[in-house]
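Overview (structure and organization)
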Amino acid sequence: MSTQPQSPRALVFDSGIGGLGVVQALRTLAPSLTIDYLADTALFPYGEQPDDVLKKRITELIGQACAILHPTIVIIACNTASTLALSALRETLALPIVGCVPPIRWAGRVSTTRVIGLLATSATARRPYLTQLHKDFAADCTLLVHGSRNLAEMAEQAFRGEQLSSENIHAELEQLFQQDQGQHIDTIGLGCTHYTFLMPYFQRLDKADIMWLDPAPAVAQQALRQLGNYVETPTAPSLTAPADRFFFTAIPAEHENLNKHLRWLGFPAGWQCLSFS
Ligand code: DGL
């Protein structure tokens, strides 16, 4: 595991299954790209962790993962991590790092009512990064945010194939619609990568006019653009594609069901549990 890879290798990182929405998009856009996935299950949910703990954890973990796995590019497929640690990671690591931030700019471009909603983790919801995105890219819109303590865990369950209660999903969304001006929301951005796997539930609710914005495909495209530049350099590695790998930092809940779904995403049976110090 300590040798240099023979072809481009993307390291996709999240606290759990959230980044797999980006993996899905990568599979479609670049089926032969080799992917290592690292889920920091030991500290899930990130949205409920204090910022100082999280920032230290993410920078150390990604630094160690890069030293062991030798990725060509790192994709921080987690809003909670990106909005806190992206600049620190870019300062310390000498390889392309693509992040994932709430789709406020996109929402500002498409909203007609100029009232936009954002679903995110509690941590992302309170970040100055979010306030800045709003100010820079959608200042003429009212931004209503719901920082949820529950949706990421619900998404983990949905990914494993468990049936969720529509009432519970509905109750979470009402946290947006019941805010002042909430009845005018026409666009809702997913500010947490986990929520990709709740989209079927969101779309089944009686909210036909809402535009749902999931940035996962755009993150995958951005990574491929960066990777394209990198691969075209004279030191580009050869094209023998090694196997994809999946790593957790702690054994996840219900891992048998999880394994089944990971295989559907093209990961080989059997994942590894890496302990990072
Ligand atoms: N998937 C992560 C995000 O995009 C966070 C989920 C969590 O661990 O709370 O923010």
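The strand order across the open sheet built from four strands is S6-S5-S7-S8, with neighbouring strands paired in parallel fashion. Each of the sheet's edge strands pairs with one partner strand only, and the pair in question is strand S6 (142-148) and strand S8 (211-213). Within this sheet the neighbouring strands show an average axis-to-axis angle of 20 degrees, counted without direction. Inspection of the sheet shows strand S5 (residues 115-121) paired to S6 by seven bridges, in the parallel sense. Within S6, the position partnered with Leu-119 by the bridge is His-146.

Our focus in this paragraph is the site of the ligand. In the region of the ligand, 14 residues are neighbours, and Ser-15, Tyr-46, Asn-79, Thr-80 and His-194 sit closest. Within the side chain of Asp-14, one N or O atom sits 2.9 Å away from a nitrogen atom of the ligand. Measuring from an oxygen atom of the ligand, one finds a backbone N or O atom of Thr-193 at 2.8 Å. Look at the ligand: alone it shows 300 Å² of surface, and the protein chains cover 99% of it. Looking at the shell around the ligand residue by residue, the classes come out as six nonpolar, seven polar and one charged.

Turning our eyes to something else, we now look at the state of the cysteines. Here the structure, examined in full by the defined rule, presents zero disulfides. No disulfide involves Cys-78; its sulfur sits 6.7 Å from that of Cys-192, the nearest cysteine. With a relative accessible area of 7%, Cys-192 lands in the buried category.

A separate point is the pairing of strand S1 (residues 9-14). Counting buried positions along S1 gives six out of six residues, so the element sits mostly inside the fold. Of the two faces of S1, the one lined by Arg-9, Leu-11 and Phe-13 and the one lined by Ala-10, Val-12 and Asp-14 are each fully buried. Where S1 and strand S2 (residues 34-39) come together, six bridges link them in parallel fashion. Its bridge partner being in S2, Val-12 is matched across the sheet by Tyr-37. By the bridge criterion, four bridges tie S1 to strand S3 (residues 73-76) in an arrangement that is parallel. Each residue of the ladder has a partner; that of Ala-10, found in S3, is Ile-73.

In terms of nonpolar packing, the biggest core is built from 32 residues, with Leu-20, Ile-75, Phe-246 and Phe-267 touching the most fellow members. Elements with a minimum of two residues in this core: S1, helix H1 (20-29), S2, S3, helix H10 (216-231), strand S9 (245-248) and helix H11 (255-264). Among residues more than four places away in sequence, those in contact with Ile-75 are Ala-10, Leu-11, Val-12, Phe-13, Val-22, Leu-26, Val-98, Val-219 and Ala-223. By size, the runner-up hydrophobic cluster in this structure holds 25 residues, among which are Tyr-46, Ile-76, Leu-84 and Phe-247.

Turning our eyes to something else, we now look at the confidence of the model for the chain. A residue-level look at the chain finds 92% of positions with pLDDT of 70 or above and a mean pLDDT of 91. Note on residues 1-5: pLDDT under 50 across the span, and twelve contacts to partners over four residues away in sequence or across chains. Counting interchain partners and residues more than four positions distant, the pLDDT-below-50 stretch residues 230-238 has ten contacts.

Close approach of charged atoms allows side chains with opposite charge to pair. Inspection of every chain in the model, using the stated rule, returns ten salt bridges. Asp-51 is the partner of Arg-127 in a salt bridge, and the nearest nitrogen-oxygen pair spans 2.8 Å. Here Asp-51 lies in helix H2 (residues 51-69) and Arg-127 lies in the loop between helix H5 (122-125) and helix H6 (128-137), a separation of 76 residues in the sequence. Salt bridges here are not isolated pairs; linked through shared partners, they connect Arg-9, Asp-36 and Arg-245.

Rules used throughout
- Each chain carries its own residue numbering, running from 1 in the direction its sequence is written.
- Per-residue local features of the predicted model are confined to residues with pLDDT of at least 70, and side-chain atom pairs are confined, for both listing and counting, to 80 or more; whole-chain, interface and lining totals are unaffected and use all residues.
- In computing side-chain properties, one takes all heavy atoms of the structure into account and sets aside hydrogens as well as water.
- Two strands pair under a simple rule: DSSP has to find at least two bridges between them.
- Helical segments are the DSSP runs of H or I of at least four residues, strand segments are the runs of E of at least two, and each set is numbered from the N terminus.
- Comment: axis = line fitted to C-alpha atoms, over the contacting stretch for helices; angle = value between 0 and 180 degrees taken between N-to-C directions.
- For this purpose, a residue is taken to be near a molecule or strand whenever a single non-hydrogen atom of the residue falls within 4 Å of it.
- Any pair of N or O atoms that falls within 3.5 Å is considered a polar contact. Within protein, one atom must be able to donate a hydrogen and the other to accept it, and sequence-neighbouring residues count only if both atoms are side-chain atoms.
- The Shrake-Rupley method, run with a 1.4 Å probe, gives the accessible areas here. Residue values count only the displayed protein chains as cover.
- Residues are sorted three ways: Asp, Glu, Lys and Arg are charged, Ala, Val, Leu, Ile, Met, Phe, Trp, Tyr, Cys and Pro are nonpolar, and all the rest, Gly among them, are polar.
- Working definition: a disulfide is two cysteine sulfur atoms within 2.5 Å of each other.
- Think of it in three bands: residues with accessible area under 20% of the maximum for their type are buried, residues over 50% are exposed, and the middle band is partly exposed, with areas taken using a 1.4 Å probe on protein chains only.
- Here, nonpolar core refers to any group of buried Ala, Val, Leu, Ile, Met, Phe, Trp, Tyr and Cys residues whose side-chain atoms link them within 4.5 Å.
- Residue contacts are counted whenever heavy atoms from the two residues lie within 4.5 Å of one another.
- The predictor reports its confidence for every residue as pLDDT, a score running from 0 up to 100.
- Any carboxyl oxygen of Asp or Glu within 4 Å of a side-chain nitrogen of Lys or Arg constitutes a salt bridge here.

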